[in-house]
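Structure at a glance
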Amino acid sequence: MSTLPANGSVRPITRWGEDVMHRLNQPVTDFGDELQTLVADMVATMIAAEGVGLAANQVGVDLQVFVFDCPDADGNHVQGVVCNPVIHLPEGKDRRLDEGDEGCLSLPGAFTKCVRPDFARVTGVDQHGEPVSYEGTGLLARCLQHETDHTQGTVFGDRLSRKYRKRLFAEAEEFAPEYPADWPVSPMAVHEGHHEESQAT
Ligand SMILES: [Zn+2]
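Labelled according to an unreviewed UniProt entry, the chain appears under the name Peptide deformylase, originating from Kribbella antiqua. As its UniProt record puts it under Sequence similarities (unreviewed entry), the chain is described as follows: "Belongs to the polypeptide deformylase family."

On to the overall build of the chain, then. Counting secondary structure elements, the chain contains 3 helices and 7 strands. Each helix and strand of the chain, ordered N terminal to C terminal, gives the series α-β-β-β-β-β-β-β-α-α. Seen through its principal axes, the chain has C-alpha atoms that stretch 45 × 45 × 35 Å. Residue burial in the chain is summarised as follows: out of 201 residues, 40% are buried. The contacts of the chain with a sequence gap of at least 6 include a subset with a gap of at least 24, amounting to 70%.

To continue, consider the environment of Gly53. Structurally, Gly53 is set in strand 1 (residues 53-55). For the pair Gly53 and Thr201, spaced 148 residues apart in the sequence, the C-alpha separation amounts to 4.6 Å. Discounting residues that sit within four places of it in the chain, Gly53 has contacts with Met46, Phe66, Val67, Phe68, Cys70, Cys143, His146, Glu147 and Thr201.

If you trace the 5 strands from one edge of the open sheet to the other, you get 1-2-3-6-7, paired in antiparallel fashion. Two strands in the sheet have a free side with no partner beyond their single neighbour: strand 1 and strand 7 (131-137). Averaged over neighbouring strand pairs, the angle between their axes works out to 35 degrees when direction is ignored. As judged from the 7 bridges shared by strand 6 (residues 119-125) and strand 7, these two strands associate in the antiparallel manner. Residue Arg121 lies in a different strand from strand 7, and its bridge partner there is Glu135. Set on the sheet, helix 1 (residues 33-48) makes contact with strand 1, strand 2 (65-71) and strand 3 (77-88); between it and strand 2 the angle comes to about 40 degrees.

The next point concerns helix 2 (residues 138-151). In a regular helix each residue adds 1.5 Å, so 14 residues correspond to 20 Å; helix 2 covers 21 Å between its end C-alpha atoms and thus fits that length. Counting buried residues in helix 2 gives 13 out of 14 residues, a clear majority hidden from the surface. Gly153 occupies a position one or two residues after helix 2 and carries a positive phi of about 85 degrees.

Within this numbering scheme, the UniProt entry marks Glu147 as carrying the feature "active site" (unreviewed entry). By the element assignment, Glu147 lies in helix 2. Exposure remark for Glu147: the 25 C-beta atoms within 10 Å place this residue in the buried category. In contact with Glu147, other than residues within four places in its own chain, are Gly53, Ala55, Phe66, Phe68 and Thr201.

Let us look at the UniProt feature "binding site: Fe cation" (unreviewed entry) in the chain. UniProt records the feature "binding site: Fe cation" (unreviewed entry) at Cys104, His146 and His150, using the numbering of this structure. The annotated residues occupy 47 residues of the chain but converge on a single region, no pair of C-alpha atoms lying more than 10.2 Å apart. By the secondary structure assignment, Cys104 is in the loop between strand 4 (97-103) and strand 5 (111-117). Using a count of 28 C-beta atoms within 10 Å as the deciding quantity, one classes Cys104 as buried. Here Cys104 is in contact with Val155, Phe156, Ala200 and Thr201, once residues within four sequence places are set aside. Mapped onto the elements of the fold, His146 is located in helix 2. With sequence-adjacent residues up to four places away left out, His146 is seen in contact with Gly53, Glu102, Phe156 and Thr201.

Conventions adopted
Residues numbered from 1 in each chain as written. Predicted model: local features only at pLDDT ≥ 70, side-chain atom pairs only at ≥ 80, totals over all residues. UniProt positions renumbered as here; feature names shortened; annotations may be inferred. Helix = DSSP H or I, 4+ residues; strand = E, 2+ residues; numbered from the N terminus. Buried ≥ 20, exposed ≤ 12 C-beta atoms within 10 Å, placed from the backbone. Contact = placed C-beta atoms within 7 Å. Pairing = 2+ DSSP bridges. Axes fitted to C-alpha atoms, helices over the stretch in contact; angles between N-to-C directions. Expected span 1.5 Å × (residues − 1).

Have a look at this one:
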């Protein structure tokens with residue numbers, strides 16, 4: 001059962017290249033109605049896009065907040081809302097790298113390998129200002145890092161080598177015609193053979 005806010009409205013997803021995606025976003029200081037609506041809409045948008053995480057700037061809002069509903073390495077789904085996230089990564093001998101597939105709802109359809117620590121913990125506050133902490137392995141570790149990056153204006157393309165970045169953009173271009181400008185408000189075009197094995201954030 002979901003503990004995430006429900007009854008939100010689906011908003012169009014902002015793409016890479018828009019300014020709000022590439023600069024440090026504003027910390028959340030007002031936990032009023034506007035934030036509650038934003039968070040519910042972000043959850044609805046993430047679900048409509050079949051993603052595992054979504055940051056506010058991915059719906060064009062300059063605020064440090066993300067929502068997620070993502071499985072860890074054991075298949076346990078963890079979900080939450082994090083405002084003003086701070087990422088904590090293992091160091092020294094505890095730091096192991098995972099070269100898993102990564103995708104972004106703001107560059108829909110494209111995936112590539114991206115090297116990240118295989119464990120992450122994020123701290124912050126929820127949409128009511130209460131302290132929260134989430135940690136995990138597998139895709140969840142990747143998601144927590146990817147979403148915190150978004151709040152800082154970093155996209156995962158920034159973390160790739162030139163070769164991988166080029167390949168990623170080529171793949172995104174190939175899939176671009178399937179995604180309407182206001183996706184996922186309007187659904188993507190049906191296309192046979194579309195790969196669905198990976199999940200984007
Ligand atoms: Zn993303």
